[in-house]
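Chains, contacts and geometry: an overview
Letter by letter, the chains look like this.
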Amino acid sequence: MPLYCSRFMVAPCKRTLGDVVPDHSSRVFRRCWRRLWHPGRLYTGSVTSSPDSEFRNSEMSTQSEKPFHTPVMVKEVLQFLDIKPGQVVLDLTFGAGGHSKAILQSVPGVTVVAADRDPKAFQMAQRLAEEYRGQVKPVLGRFSELNNLLPALGLRPGGVDAALLDAGCSSMQMDSAERGFSLSKDGPLDMRMDGDRYPDMPCAADVVNALDQQALASVLAAYGEERHTRKIAAAITQARSVYPIGRTLQLASIVAGAFPASALYARRDRLQRPSHVATKTFQALRIFVNDELNELHAGLRVAQTLLRPKGRLCVLTFHSLEDRLTKRFLRGEDLAAPPRRSHRQRAKARLGLEGEEHEEEEENEEEEKGRESKHWVSLKKVIKPSEEEVQENPRARSAKLRTAVRR
């Protein structure tokens, strides 16, 4: 039996992904995965486990008391949300609950609506709700599902005082080998943030085994901002012709094999630590499988709808794709249109440097002027973690915090 999920159709992926354009990456999922699977009824009750997942849940239960991750920039989030006693806070990405716990501990009588698409995070939110009775309302669902779920909790437009969105993959997911997010831990090549909620949802193994070489290269370029897309896509298609790709370390080894040994850890992260050559490939697959950019846009729209006038929003992002989307949304730009570029960015594009870290895009003062949204007022320019926090929590190194007030 192959290790990947073989029940998904291949032809629609090839047909639709052939049209992928990196500059318009938000269209990818509407043209592909949503034709392949159909989510069932939205789920808001207690999480139930399938027989084959019972062992995984029991195995992980011994770790439930351990902190899965350290929440990023908690002090800054609390400062800018400026929550008052008795207010309603919407935590759109509960995760392991670090930010929600800090809010509950620092502000008396506050109500936290704890939403997350991950069933394990939902279980943790339920346990927190038992600890803070009447103050925590757990919700299991994606950003795109919240408009149907939150009214059942009595939330209406203008009914939220503060909102927090912590985008991307949580450390809880990254550290669990069986979830398939990490290239340093051997496990099934899964990467679905929803877990087993949607059994027919394609996983990362389906992507690397089903899509043709051109489609794979498009995914890597659009979501990983990878410069060597054709080389990596060719290595993947060649390897899968011999044996299906179904494990994380298997894929990492295939990507590494496309480069000389000296290039394996030649890349550096923002702490100047060696970064594996497959890091961007794993990022691209994760974003693609979970429709993260479209979901992020949906989450920002939910916050925009539910926040009252003068309600505050904090958005934490961890890579340039998330940050650019958030910045453009808060400026009121049309996200379906190509992003506006400064003179410096256009010059970099002409020189072929467009795939770098985009630091100038975030830091360009000139670009910030004269762009105001009718929905939002930015509180402050993008905020980054302190050097002390990065040293204590290296995963915070790429974090950026954007804050805004609802008009």
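Before going into details, it helps to say that this report is about the structure given with it. In this text, all values refer to a predicted model and were calculated from it rather than measured experimentally.

Considerations on the packing of helix α11 (residues 213-224) against helix α12 (residues 229-240)
Running from N to C, α11 and α12 cross one another at 135°; their axes reach a closest spacing of 8 Å. As judged from the angle between their axes, α11 and α12 are oblique. Crossing hand, α11 versus α12: right-handed. When α11 is examined against α12, the residues Q213, L216, A217, L220 and A221 are found in contact with a partner set consisting of T229, R230, I232, A233, A234, I236, T237 and R240. Partitioning the contact of α11 with α12 into residue classes produces eight nonpolar, three polar and two charged.

Thoughts on the packing of aromatic side chains
For the structure on display, the rule yields one aromatic pair. Between the aromatic rings of Y223 and F288, the centroid separation amounts to 6.0 Å while the plane-to-plane angle is 45°, which identifies the pairing as tilted. On the criterion of sequence distance, the pair formed by Y223 in helix α11 and F288 in helix α14 (residues 279-289) is long-range, its members being 65 residues apart. Residue class for F288 comes out buried when judged on its relative accessible area of 0%.

Quick look at the pattern of salt bridges
Across all of its chains, the model carries 16 salt bridges by this definition. For D194, the salt bridge goes to R142, with nearest N and O atoms at 2.9 Å. A residue pair is termed long-range when its members are at least 10 positions apart, and D194 in the loop between α9 (171-174) and α10 (204-210) and R142 in the loop between β3 (136-140) and α8 (146-149) qualify at 52 residues. Close ionic contact of R192 with D190 constitutes a salt bridge, the shortest N to O distance being 2.6 Å. By relative accessible area, which is 14% here, D190 ends up buried.

Examining the nonpolar core
In terms of nonpolar packing, the biggest core is built from 73 residues, with L90, L146, L150, L189, L251 and L313 touching the most fellow members. Not counting chain neighbours up to four residues away, the residues in contact with L251 comprise L189, V208, I236, I245, F282 and L285. F80, V112, A121 and L316 belong to the second-largest nonpolar core, a separate cluster that totals 31 residues.

Describing the packing of helix α5 (residues 74-81) against helix α6 (residues 98-106)
Axis separation between α5 and α6 bottoms out at 10 Å; the angle between their running directions is 55°. Comparing the axis directions of α5 and α6 gives the class oblique. Between α5 and α6 lies a crossing of right-handed hand. Within the contact between the two elements, α5 uses V74, V77, L78 and L81 and α6 uses H99, A102, I103 and S106.

Comments concerning the sheet that holds strand β8 (residues 376-383)
In spatial order, the strands read β3-β2-β1-β4-β7-β9-β8; together these seven strands make up an open sheet with mixed pairing. Edge positions in the sheet fall to β3 and β8, since each of these pairs with one other strand and no more. With direction set aside, neighbouring strand axes in the sheet form an average angle of 15°. Pairing geometry for β8 and strand β9 (residues 400-406), over five bridges, is antiparallel. Across the sheet, the residue bridging to K380 is T403, located in β9. This element, helix α7 (residues 119-131), spans β2 (111-116) and β3 of the sheet and lies at about 165° to β3. Contacts between helix α16 (residues 320-330) and the sheet are confined to β7 (307-317), β8 and β9, with β9 contributing the most and set at about 15° to the helix.

Reading the values: rules and limits
Residues numbered from 1 in each chain as written. Predicted model: local features only at pLDDT ≥ 70, side-chain atom pairs only at ≥ 80, totals over all residues. Heavy atoms only, no water. Axes fitted to C-alpha atoms, helices over the stretch in contact; angles between N-to-C directions. Helix = DSSP H or I, 4+ residues; strand = E, 2+ residues; numbered from the N terminus. Parallel < 35°, antiparallel > 145°, perpendicular 65-115°, else oblique. Left-handed = near helix turned anticlockwise from the far one by under 90°. Contact = heavy atoms within 4.5 Å. Nonpolar A, V, L, I, M, F, W, Y, C, P; charged D, E, K, R; others polar. Phe/Tyr/Trp six-rings, centres within 6.5 Å; stacked < 30°, edge-to-face > 60°. Buried < 20%, exposed > 50% of the residue type's maximum accessible area, 1.4 Å probe, protein only. Salt bridge = Lys/Arg side-chain N within 4 Å of Asp/Glu carboxyl O. Core = buried A, V, L, I, M, F, W, Y, C linked by side-chain atoms within 4.5 Å. Pairing = 2+ DSSP bridges.

That is the geometry; function is a separate question.
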